[in-house]
Amino acid sequence: MTTGTLTAGRTRFRLPRKQIPVLATLALLLVMYGIGVSQYTAFSNVQVIFNVFIDNGFLLVVAVGMTFVILTGGIDLSVGSVVAMTAMVSAALLQDGMPAALVLVIALLIGPTLGLLMGCVIHFFEIQPFIVTLAGMFFARGMCTFISGASIPITDGFWTSMSQERIGNPQGNFVSISVLIAFVVVCIAAYTLAYTRLGRNVYAIGGNPQSALLMGLPVGRTRIAVYTISGLCSAIGGILLSFYTLSGAPLIAVGMELDVIAAVVIGGTVLTGGAGYVFGTVLGVLVLGVIQTLITFDGSLNSWWTKIVIGGLLFAFILLQRLIGIRYK
Amino acid sequence: MNDTMSRYRTMIGHRLFWPAAVLFVMLAANTIYRPGFLSVELKDGHLYGTPIDILRLSAPLILVALGMTLVISTGGIDLSVGSLCAISGAIACMYISKQPDQNSLGVVVTALAMAMGVALVLGAWNGVLVAVIGIQPIIATLILMVAGRGLAQLITEGQIITINSEPYRAIGLGHALTLPLAIFIALAAALLVAAFTRRTALGMIIESVGGNATASRLAGIRSGRVIFLAYVISAACAAVAGFMMTANVSSADGNAAGLWVELDAILAVVIGGTSLAGGRFFLSGTIIGALIIQTLTTTVYAMDISPQTSLLFKAVVVIAVCLIQAPAFRARFSRRRRNVPPPATIADKPKEQVPA
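Residues numbered from 1 in each chain as written. Chains lettered and ligands numbered in written order. Predicted model: local features only at pLDDT ≥ 70, side-chain atom pairs only at ≥ 80, totals over all residues. Heavy atoms only, no water.

J.: Tell me what's going on with the overall build of chain A, and back it up with residues and numbers.
T.: Along the backbone of chain A there are 14 helices and four strands. Here the C-alpha atoms of chain A give a radius of gyration of 21 Å, agreeing with the 20 Å that 2.2 N^0.38 yields for 329 residues. Carbon and sulfur atoms form 67% of the exposed surface of chain A, whose accessible area is close to 14,400 Å². Positive and negative side-chain charges of chain A, numbering 15 and 9 respectively, have mean locations separated by a distance of 24 Å. (Helix = DSSP H or I, 4+ residues; strand = E, 2+ residues; numbered from the N terminus. Rg over C-alpha atoms; globule rule 2.2 N^0.38 Å. Areas by Shrake-Rupley, 256 points an atom, 1.4 Å probe, with all protein chains shown as cover. Lys, Arg positive; Asp, Glu negative; His and termini not counted. Charge placed at Lys NZ, Arg CZ, Asp CG, Glu CD.)

J.: A description of the overall build of chain B should follow, citing residues and the corresponding values.
T.: Along the backbone of chain B there are 15 helices and six strands. For a compact globule of 356 residues, the expected C-alpha radius of gyration is about 21 Å, and chain B comes in at 21 Å, within 12% of that figure. For chain B, the residues scored as buried account for 51% of the 356 residues in total. Intrachain contacts of chain B at a sequence separation of at least 6 include 74% that bridge at least 24 residues. For chain B, the exposed surface amounts to about 15,800 Å²; the carbon and sulfur share of it is 65%. A gap of 16 Å separates the mean positions of the 24 positive and 15 negative side-chain charges of chain B. (Buried < 20%, exposed > 50% of the residue type's maximum accessible area, 1.4 Å probe, protein only. Contact = heavy atoms within 4.5 Å.)

J.: I'd like a description of the UniProt feature "transmembrane region" (unreviewed entry) in chain A, backed by residues and values.
T.: Residue and element names in this part refer to chain A. Under the local residue numbering, the UniProt record ascribes the feature "transmembrane region" (unreviewed entry) to residues 20-42, 48-70, 100-125, 132-154, 174-194, 224-245, 251-271 and 303-324. In this annotation, residues 48-70 is assigned 100% helix and 0% strand; the end-to-end C-alpha distance for the span is 30 Å. A distance of 28 Å separates the end C-alpha atoms of residues 251-271, which is 52% helix and 0% strand. (UniProt positions renumbered as here; feature names shortened; annotations may be inferred.)

J.: Before we move on, can you summarise the pairing of strand S2 (residues 46-49) of chain B with the specific residues and values?
T.: All names here are of chain B. In this structure, strand S1 (residues 40-43) lies alongside S2, joined through four bridges in antiparallel fashion. Pairing of Lys43 across the sheet is with His46, part of S2. The turn linking S1 back onto S2 is made up of two residues, and Asp44 within it adopts a positive phi angle of 50°. (Pairing = 2+ DSSP bridges.)

J.: So what about the packing of helix H2 (residues 20-39) of chain A against helix H13 (residues 278-298) of chain A? Which residues, and what values?
T.: Residues and elements named next belong to chain A. Two elements in contact, H2 and H13, have axes separated by 10 Å at closest approach and are oriented at 25°. Classed by the angle they form, the pair H2 and H13 counts as roughly parallel. Note on packing geometry: the crossing formed by H2 with H13 is left-handed. Between H2, through Val22, Thr25, Leu26, Leu28, Leu29, Met32 and Gly36, and H13, the contact on the second element is made entirely by Phe279, Gly280, Leu283, Gly284, Leu286, Val287, Val290, Ile291 and Leu294. Counted by class, the contact of H2 with H13 contains twelve nonpolar, four polar and no charged residues. (Axes fitted to C-alpha atoms, helices over the stretch in contact; angles between N-to-C directions. Parallel < 35°, antiparallel > 145°, perpendicular 65-115°, else oblique. Left-handed = near helix turned anticlockwise from the far one by under 90°. Nonpolar A, V, L, I, M, F, W, Y, C, P; charged D, E, K, R; others polar.)

J.: Explain the packing of aromatic side chains to me, and be specific about the residues and the numbers.
T.: Scanning the model with the defined rule gives nine aromatic pairs over all chains in all. Between A:Phe158 and A:Trp159 the ring centres are 5.9 Å apart and the planes differ by 80°, which places this aromatic pair in the edge-to-face class. Given the relative accessible area of 33%, A:Phe158 is considered partly exposed. Classification of A:Trp159 by relative accessible area gives buried; the value is 0%. Summarising the aromatic geometry, the rings of A:Phe315 and B:Trp125 are spaced 4.8 Å apart at their centres and angled 50° between planes, so their arrangement reads as tilted. With A:Phe315 in helix H14 (residues 304-328) and B:Trp125 in helix H5 (residues 105-133), this residue pair bridges two chains. Here a set of aromatic residues connected by ring pairs shows up, and it is made of A:Tyr33, A:Tyr40, A:Phe43 and A:Phe297. Directly above the aromatic system of B:Phe281 lies the positively charged group of B:Arg198, at a separation of 4.3 Å from the ring centroid. A cation over a ring is seen here: B:Lys314 above A:Phe138, with NZ or CZ 5.9 Å from the ring centre. (Phe/Tyr/Trp six-rings, centres within 6.5 Å; stacked < 30°, edge-to-face > 60°. Lys NZ or Arg CZ within 6 Å of the ring centre and 35° of its normal.)

J.: Before we move on, could you go through the interface of chain A and chain B and cite the residues and values that matter?
T.: How large an interface is tends to be reported as the accessible area lost when its parts come together. Taken together, the 41 residues of chain A in the interface contact 55 residues of chain B. Counting the surface lost from both chain A and chain B, the interface buries some 4,300 Å², and carbon and sulfur atoms represent 80% of this. Of all residues in chain A, A:Phe125, A:Phe138 and A:Trp304 give up the largest surface area on contact with chain B, accounting jointly for 16% of the area buried on that side. Counting across the interface, chain A meets chain B through zero salt bridges. Put simply, chain A and chain B have zero residue pairs in polar contact (both at pLDDT 80 or more) between them. (Buried area = accessible area lost by both parts, 1.4 Å probe. Salt bridge = Lys/Arg side-chain N within 4 Å of Asp/Glu carboxyl O. Polar contact = N/O pair within 3.5 Å; in protein donor to acceptor, adjacent residues only side chain to side chain.)

J.: Residue-level account of the nonpolar core, with values.
T.: Formed by 194 residues in total, the largest nonpolar core has its most connected members in A:Phe130, A:Ile131 and B:Tyr168. At 14 residues, the largest contribution of residues to this core is made by helix H3 (residues 46-71) of chain A. The contact partners of B:Tyr168, leaving out residues within four places of it in the chain, are B:Gly89, B:Ala92, B:Cys93, B:Ile96, B:Val108, B:Leu112, B:Ile163, B:Phe243, B:Thr246 and B:Ala247. (Core = buried A, V, L, I, M, F, W, Y, C linked by side-chain atoms within 4.5 Å.)

J.: Pulling in residues and values, what's your account of H3(A)?
T.: Residues and elements named next belong to chain A. In this model H3 runs just 33 Å from its N-terminal to its C-terminal C-alpha over 26 residues, more than 12% under the 38 Å that 1.5 Å per residue would give. Asn56 marks the point of greatest bend in H3, at about 65°. Of all 26 residues in H3, 20 are buried; the element is thus mostly enclosed. For H3, the N-terminal capping position is held by Asn45, with its side-chain oxygen 3.2 Å away from the main-chain nitrogen of Gln47. Positive phi appears at Gly73, one or two residues downstream of H3, with a value of about 90°. (Expected span 1.5 Å × (residues − 1). Bend = angle between axes of the 7 residues up to and from the residue.)

J.: Talk me through the environment of A:Asp298; I want residue IDs and the actual numbers.
T.: All names here are of chain A. In this fold, Asp298 is placed in helix H13. For the pair formed by Asp298 and Val278, sequence separation is 20 residues and the distance between their alpha carbons is 30 Å. In this structure the side chain of Asp298 is engaged in a polar contact, spanning 3.4 Å, whose partner is the side chain of Tyr40.

J.: For the confidence of the model for chain A, give the residues involved together with the corresponding values.
T.: Averaged over chain A, the pLDDT score is 86; the fraction of residues at 70 or greater is 93%. Contacts from residues 1-9 of chain A, a stretch scored under 50 in pLDDT, to residues over four places away or in other chains number zero contacts. (pLDDT = per-residue confidence, 0-100.)

J.: I'd love a proper account of the packing of helix H3 (residues 50-73) of chain B against helix H11 (residues 223-249) of chain B, names of residues and values included.
T.: Residue and element names in this part refer to chain B. The N-to-C vectors of H3 and H11 enclose an angle of 170°; their axes lie 7 Å apart at closest approach. Relative to H11, the element H3 lies roughly antiparallel. Residues Arg56, Ala59, Pro60, Leu63, Val64, Gly67, Met68, Leu70 and Val71 of H3 touch H11, and the partners they reach there are Ala230, Tyr231, Ile233, Ser234, Cys237, Ala238, Val240, Ala241, Met244, Met245 and Asn248.

Encoded structure:
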C-alpha cells in the first residue's frame, strides 16, 4: 500500500490544504506542551492535561456550538450571556426548592428557545446576525441581573454530587463528569457535521449561500437550526459552569464569547464559513487552556498576559488562513 | 388630500424620523414619570439639569460612534474602540501620575500627545490588517479588542491609576460658556468629521468604497487608503473618548474603562440609520442614536434599576429599531397597502472582502 505515493512520481509530500490550519494548531499545541514539560517537571503529570479539560469543559461545549454558527458564515455574540443566564436561572430555581430534574429541563430549554428566536429574526427579517445576537446578548445579560443582583449559591444535592464526583484511575488521576458530558457533545457534533444532511447543509451555506439556495438546500431552516444548536450548547455550557462553580452570578462569563470565537478561529475554522472541523475547535480550546496553565505555572507573568498571547495567536492564525487562501486562489 | 398623504409619507420616510421619534417618546415618557426631568437651572454660572447630564455623559459615546460610523460605512466594523479607550486613558494617566507637577498644562498636553500617538499607531495596525492584508474587519479588530485589554492592564500594571490633575480633569468635568466642556469637544469632533466628509469629496469616496470596494478601486479611488484612514480616525476618536472617561473619574482602570462601549457605539450607528453593510452613512443619525442610548441609560438609573439590567431595555430598543428599519420587516407589514413586491428570499448577501 505504501508504494502508491512512491510510484506516483511526486517528489514531495503535500499537505492537504483544508487541514493545514488544524495541523498548525496541533503542532502549536505540541510545542507548547513540550515547552511546559521541559520547563516544569510537574507539567508532565497526566493530571495537568485532565485539569485543562476540567477547567475548560464548559468552554469546549460552547465553542462546539459556535463552530456550527461560524461554519455557516454567521456569528453568535450571545453565548457568554446565555451561559450566565442558564447558570443564574438554575441557581434561582434551585434556591426556590424546585426539584433538580425539572430545573435541568427548564435550564436546557431557555438557551435553544432564545437561539431559535434569534435565528428566526436573522432569517425572516434579514437583519445581520451580528446585531441580532448582540441584542440577544444584552437581553440575556439583563435577565441575569433582573433575576438577582448578587451571586446565588447552589446547595442542591444533585448539583454538588455532579460537582464533586471524580472519575479516575488507580494512579489518582481523575476527570469530572462535566468532561464526560463535554466529550459526548463533541462526539455528537462531530458526527452531525461529518455524516448527516444537516452537517452537509451547514458547510454548503457557509461556502456560498446563493448556490446553496439554488441547489434547493433548506437555507432558512439550516440557518435557524445552527443558532438553536448554539443556544443549546450554551445552555449545556451554563449547566456545566454551574456544576463547576456551584453558583450563579450575574457577571459570570463576561467576554466569554470572544474566548469562544478565538478558540474556534485558532482551531482552524474559517470565519467566512464553509471550512473547519469540530476537532480543530477542541484543539483551539486546548491551546487556550494550555496557555493559561503555562502562565499559572510560570508565576511571574501576570494573568493579563493571557489576553495578549491569545490576541497574538489569533493574529497568527488569521494570517495563516489568509495566506493559504491567497496561495490557492 | 393626496398631497398631505405624500407629505406625511415623505416625513415618515425621512431617515431621521424614527430615531428622532424614539428619542422624543423617551424624553416625553421621562417627563411624565418625573415632571422635573427637563428642567435646567443656572448655578454658579454653570447650567445643571438632567438634559445637560445626558449631553455630557453621551459625549464619549458620540465621539466613539462618529469614528465607528466612518468605519461601518466602509463596510467594516471596529471592535477595538473600547480597548483603545482603556489604553489611551491608561497611558495619559500613567504619564501624569509620574510627574512632580500634575497640574502643569505642559504635562497634560504631553500626556495627551503620547496617548494619541499610540492610539494612532494602533488604529494604523487595524487599518493595515483590514486594508492591506485583507482580514475580515470583525476579526482584525477582535485581535486588538482581546489583546488591548491586556495591554491596558500591562501599562497600569493591573492597578487603578489615580491622578490629581486639574487640567486633565477639565476634559471630562470642566465648563465653558456655562456648559460642560465635554459637550463642546464632542460637538467640535462632529463638526470636524462632518466638514471633512460632507464639504469635501471624502464622504462620497467613503460611501463608494463601502458600496463596492472593487468597483471604486477600478474607478480610480484608492480603496485601501480610504479604509485605512477610517480605522485611524476611529482610533483617534476612541482615544479622545478614553481621555474623557478617565478624566471623569480622575483615574484609569485598564479593565473597566470603555467596557461595552464598542457595542453601544455600534448600536448608536445602527439606530442612526447607517446600514451595517456599508455604503451610506448618517452622522446626524449617529448622534441622535448616541443620545437615545444615553437617555435610556439615564432613565433606567433614574428608575432605580441596576445598570446591568439596563441591558434588557437596550436589547428591546435595538431589536425594535432594527425591525422598523429592516426592509424585509416593513415590506411584510405594508405589502397589502402599498403593493410592494415581496422581498428577495436570499437572507444575506455576503460582502466580498477586498484586499486593497
